[in-house]
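So the chains spell out like this:
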Amino acid sequence: MVKTETYTLNMGPQHPSTHGVLQVVLELDGELVIQAIPHMGYLHRGIEKLAESRTYTQFIPYTDRLDYVSSMGNNWGYCLAVEKLMGITVPERAEYLRIIMTELNRMASHLIFMGSLAIDLGASTGMMFGFRARERILDLFDMTCGARQTYNYIRFGGVSVDIPPRFIPELKRFLADFPAMLVEYHELLTGNEILYHRLKGTGVITAERALEIGLTGPALRASGVDYDIRKIEPYGIYDRFDFDVPLGKVGDCWDRYIGRMEEMKQSARIVAQALEQMPEGEVMTKIPKVIKPPVGDVYHSIENPRGELGFYIVSDGSTKPYRIHVRRPSFINLQVLNETCQGLLIGDVVAVLATLDSLMGEVDC
């Protein structure tokens, strides 16, 4: 064979599958990927540094802008860290509302994953089906806090407002309809021979390598590692609920896809239990009007849709955090892109990117 030289191809930041603001520099030998180096920073807003010039309360809306398709979890993770630092306890009803909202948001996030995976691989119908169900979840958020994407709903000491009277009937209708929707998604996508062959055996990440590089969330569990913070270190009241943690066997794109589809089923199961158990009562405890945590530092993490979302806060005793660092799962998970794509074809890079499910607002914090 004639020896050929490799060449470089920029995939993004305008490529549809990089979702606008990620650049992947591909070194190619024909269509074979030698390297796939992610270049970030096109969406950088300096949120961690902005926190240092805002009060603790003023920073809550900024957390919405991290993983902006699962903002409820961002609010909750940050509030839990500050509450841990200050020793604030949350009313029972508020604990249940936090669970309901974040698990619904997990479902909405995974529906976007399903739809964007489908459209990235050329099946636009999957996106329409995913957004159809997601809209019903966003309707529930809208009727509660008046927002559909950036909520600022979970606050220190509880939640901003109680749910309106029509929330529970609408949620029960959605939960009753969702199993049939899930069957429809599996018939459309899981049973599709082309999707199966594009994902099965592609982008394998072994359990050992996943642990070495710090993967968390569905990307880690797809490799067979049973690690879910809701089970390992239950926060809130997760220890009161019965749910399963879906695990993969191979760690390929297919396992990462199936894992998230199964997670939606488990989230619906948690929400149904929370609805049944939720007591009446207050949704906000009494907290100081001016939030001034004691001098010290704290780290708290939660299981967000993309993995372990953690907030490390250093307090100097003033009304503003001295330092904040966010452990962003999308940023950590993106580290594995290069080695996972080596030896694949250009079209396979799209599948790997889609199943890693990175959210650039969180990567470029």
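Our structure's up above, just so we're on the same page.
Parameters at a glance
- Residues numbered from 1 in each chain as written.
- Predicted model: local features only at pLDDT ≥ 70, side-chain atom pairs only at ≥ 80, totals over all residues.
- Heavy atoms only, no water.
- Buried < 20%, exposed > 50% of the residue type's maximum accessible area, 1.4 Å probe, protein only.
- Helix = DSSP H or I, 4+ residues; strand = E, 2+ residues; numbered from the N terminus.
- Pairing = 2+ DSSP bridges.
- Axes fitted to C-alpha atoms, helices over the stretch in contact; angles between N-to-C directions.
- Contact = heavy atoms within 4.5 Å.
- Parallel < 35°, antiparallel > 145°, perpendicular 65-115°, else oblique.
- Left-handed = near helix turned anticlockwise from the far one by under 90°.
- Nonpolar A, V, L, I, M, F, W, Y, C, P; charged D, E, K, R; others polar.
- Core = buried A, V, L, I, M, F, W, Y, C linked by side-chain atoms within 4.5 Å.
- Patch = residues over 30% accessible without salt bridge, like charges linked within 9 Å, V, L, I, M, F, W, Y side chains within 5 Å.
- Areas by Shrake-Rupley, 256 points an atom, 1.4 Å probe, with all protein chains shown as cover.
- Salt bridge = Lys/Arg side-chain N within 4 Å of Asp/Glu carboxyl O.
- Expected span 1.5 Å × (residues − 1).
- Bend = angle between axes of the 7 residues up to and from the residue.

Visitor: Could you give me a rundown of the pairing of strand β2 (residues 23–29), with the residues and numbers involved?
Guide: Most of β2 is tucked away: five of the seven residues are buried. Both strand β1 (residues 7–11) and β2 contribute to a ladder of five bridges, which runs antiparallel. Each bridged residue has a counterpart across the sheet, and for Leu9 the counterpart in β2 is Leu26. Where β2 folds back onto strand β3 (residues 32–39) in an antiparallel hairpin, the turn is made up of two residues, including Gly30, whose phi is positive at roughly 70°.

Visitor: Explain the sheet that holds strand β8 (residues 323–327) to me, and be specific about the residues and the numbers.
Guide: Ordered by their spatial adjacency, three strands build an open sheet running β6-β7-β8, and the pairing between neighbours is antiparallel. Both outer strands of the open sheet, β6 (296–304) and β8, are each paired with one neighbouring strand and no more. For this sheet, the mean angle separating the axes of adjacent strands, direction not counted, is 10°. Summarising the sheet, β6 and strand β7 (residues 307–315) pair through nine bridges and their orientation is antiparallel. By the bridge assignment, Tyr299 is partnered in β7 with Tyr312. The sheet strands contacting helix α3 (residues 71–86) are β6, β7 and β8, and the helix crosses β6 at an angle near 150°.

Visitor: I'd like to hear about the packing of helix α4 (residues 92–120) against helix α11 (residues 253–277), residue by residue, with values.
Guide: For the pair α4 and α11, the least separation of the axes is 9 Å and the interaxial angle reads 155°. Here α11 runs roughly antiparallel to α4, going by the angle between their axes. The two elements α4 and α11 cross, and the hand of that crossing is left-handed. Taken together, the residues that form the contact of α4 with α11 break down as 17 nonpolar, three polar and five charged.

Visitor: Before we move on, could you go through unusual backbone geometry and cite the residues and values that matter?
Guide: In the segment running from Gly12 into Pro13, the intervening peptide bond is cis, with an omega of 10°. Relative to the assigned elements, Pro13 resides in the loop between β1 and β2. You will see that Asn152, though not glycine, has its phi angle at about 50°, which is positive. Within the fold, Asn152 resides in the loop between α5 (124–145) and β4 (154–155). Backbone geometry places Asp357, a non-glycine residue, at a positive phi of 55°. Mapped onto the elements of the fold, Asp357 is located in the loop between α14 (346–356) and α15 (360–363). Overall, Asp357 belongs to the buried group, its relative accessible area being 7%.

Visitor: Before we move on, can you summarise the nonpolar core with the specific residues and values?
Guide: In this structure, Tyr78, Leu104 and Leu171 are the most contacted members of the largest nonpolar core, which totals 109 residues. The leading source of residues in this core is α4, at 13 residues. Apart from residues lying up to four places away in sequence, Tyr78 is in contact with Tyr56, Phe59, Ile60, Thr63, Phe156, Phe311, Ile313 and Ile324.

Visitor: Please provide a residue-by-residue account of the sheet that holds β1, values included.
Guide: As summarised here, the arrangement of the three strands in space is β1-β2-β3, forming an open sheet in which the pairing is antiparallel. The open sheet has two free edges, formed respectively by β1 and β3, since each of these has just one partner strand. For this sheet, the mean inter-axis angle between neighbouring strands, taken without regard to orientation, is 25°.

Visitor: How would you explain a nonpolar patch on the surface if you had to name every residue and give the values?
Guide: Nonpolar side chains collect at one region of the surface, where Leu32, Ile34 and Leu345 lie side by side and expose about 220 Å² of accessible area between them. Within the secondary structure layout, Ile34 lies in strand β3.

Visitor: Could you give me a rundown of helix α6 (residues 167–190), with the residues and numbers involved?
Guide: In this model, α6 (24 residues) spans 32 Å end to end at C-alpha, consistent with the 34 Å of a helix rising 1.5 Å per residue. The sharpest bend along α6 comes to roughly 35°, located at Phe178, with the proline Pro179 sitting one to four residues further on. Among all positions of α6, only Phe167, Leu171, Phe174, Leu175, Phe178, Met181, Leu182, Tyr185, Leu189 and Thr190 are buried. Buried residues in α6 make contact with α4, α5, α7 (193–199) and α11.

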